[in-house]
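Inside the fold
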Amino acid sequence: MSSSRHPIALSVERRVSNSARLLAVVMCLPLVDGVFVAVVLGGALTSVAGILEVGLLVFAGSATIAVILAEMDARPREQVRIVLGVGALVVAGAAIQAALAPTIASVLAMDVFERFAALVVLAVAASTASSRLDEYLPGPGLIVVLGLVASLRPASAALTLQTDLALIARAVAAASVGIAAALVVAFASPWLRNAVEIDRFRFGSAVALGVLALSIVGLVPASAPVALAVLVVTAVLAFDPGRVGQRETEYRPDDIDVTAALSDGGADQGGDTATEALTDSVEVGGEGSDRPPWF
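Each value, and the rule that gives it
- Residues numbered from 1 in each chain as written.
- Predicted model: local features only at pLDDT ≥ 70, side-chain atom pairs only at ≥ 80, totals over all residues.
- Heavy atoms only, no water.
- Salt bridge = Lys/Arg side-chain N within 4 Å of Asp/Glu carboxyl O.
- Helix = DSSP H or I, 4+ residues; strand = E, 2+ residues; numbered from the N terminus.
- Buried < 20%, exposed > 50% of the residue type's maximum accessible area, 1.4 Å probe, protein only.
- Lys, Arg positive; Asp, Glu negative; His and termini not counted.
- Contact = heavy atoms within 4.5 Å.
- pLDDT = per-residue confidence, 0-100.
- Core = buried A, V, L, I, M, F, W, Y, C linked by side-chain atoms within 4.5 Å.
- Phe/Tyr/Trp six-rings, centres within 6.5 Å; stacked < 30°, edge-to-face > 60°.
- Lys NZ or Arg CZ within 6 Å of the ring centre and 35° of its normal.

Under the counting rule described, the total for this entry stands at two salt bridges. Between Glu78 and Arg81 there is a salt bridge, with the nearest N and O atoms lying 2.4 Å from each other. On the criterion of helical spacing, the pair formed by Glu78 and Arg81 is a turn pair, its members being three residues apart in helix 6 (residues 76–105). The salt bridge involving Arg202 is made with Asp199; its shortest N-O contact spans 3.4 Å. On the criterion of helical spacing, the pair formed by Arg202 and Asp199 is a turn pair, its members being three residues apart in helix 12 (residues 198–216).

Structure below.
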């Protein structure tokens, strides 16, 4: 990833070249690798703050923001249309997994599985912070499988379909929060692209995910939205409106007369004249030049 270097988005980008497909894979990844079902079974959606934290950190996390701002070059209206299409899949998937969650929970020792759910979130946090850590840690899907095996209660293995409409509604709300955040970023992407330091936001999101993991196991009170507070502080620190309008230095190789500089060591131009020509060509569009900087 040329602009953000986000580890999770980079690993997906190696397999998906289209930016719209990349966004779809990144936003649906929590549904595929078991992260969302783990936080649902871990009780992360029991409060309004938890719904906001899961929506903003799981579905509209730093990987989603990085893809929208660094990889999608379509017009904002087109980006909004893509996010809405992906969002429909995310909301449907969240509702289905929440509908199955009580049935899965009925055959699990939840006090054991909650620890594995926290490990899943910690693994995602580590992957978000550093691609090097991701190479040494097991994937979230493997941790979920190990948690299911370790917490399975064979004595109560008689499966009966159970549904919790309130849980489904909370899951849909969490997914909707994430989609809404992605829509805001997509709509304001031309401005936010220069106003947000993506890597700074990525590290702060990793810290917020770590706090969310601690809240799942009860080390941080669930009633205290610490992860949400960390995310808000991260967004404020990553926001730098002073960068808007600043022109970045651009390397323009076509403006450099390499042939004149290298031909016969510049002898045809009289000693160091070739080097001066090379320097002058690089400075085209700079201060003291009458040529417009966008040429």
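Note on placement: Glu53 falls in helix 4 (residues 48–59). Of the side chains with opposite charge, Arg170 comes closest to the buried, unpaired Glu53, at an N-O distance of 13 Å. If we skip the residues at most four places from it in the chain, Glu53 touches Val58, Leu212, Pro225, Val226, Ala227 and Leu228.

Scored by pLDDT, the protein chain comes out at a mean of 76, with 73% of its residues at no less than 70. Summarising per-element confidence for the protein chain, the mean pLDDT is lowest in helix 14 (residues 258–262) (44) and highest in helix 10 (residues 165–187) (94). Counting interchain partners and residues more than four positions distant, the pLDDT-below-50 stretch residues 247–262 has 18 contacts. A low-confidence stretch, residues 281–295 (pLDDT under 50), is modelled with 16 contacts involving residues beyond four sequence positions or located in other chains.

Our next topic: the nonpolar core. Ranked by size, the top nonpolar core spans 72 residues in total, and within it Leu23, Phe36, Leu45, Val54, Phe59, Ile68 and Val90 carry the most contacts. Beyond its immediate sequence surroundings of up to four residues, Phe59 is in contact with Met27, Pro30, Leu31, Phe36, Val54, Thr64, Val90, Ala94, Ala174, Ala175 and Gly178.

Attention now goes to the packing of aromatic side chains. Taken as a whole and judged by the stated rule, the model has two aromatic pairs. Aromatic pair Phe36 and Phe59: ring centres 5.1 Å apart, planes at 50°, arrangement tilted. Note that Phe36 is positioned in helix 3 (residues 35–41) and Phe59 in helix 4, a separation of 23 residues in sequence. In this structure, Arg202 packs its charged tip against the face of Phe203, placed 4.5 Å from the ring centre.

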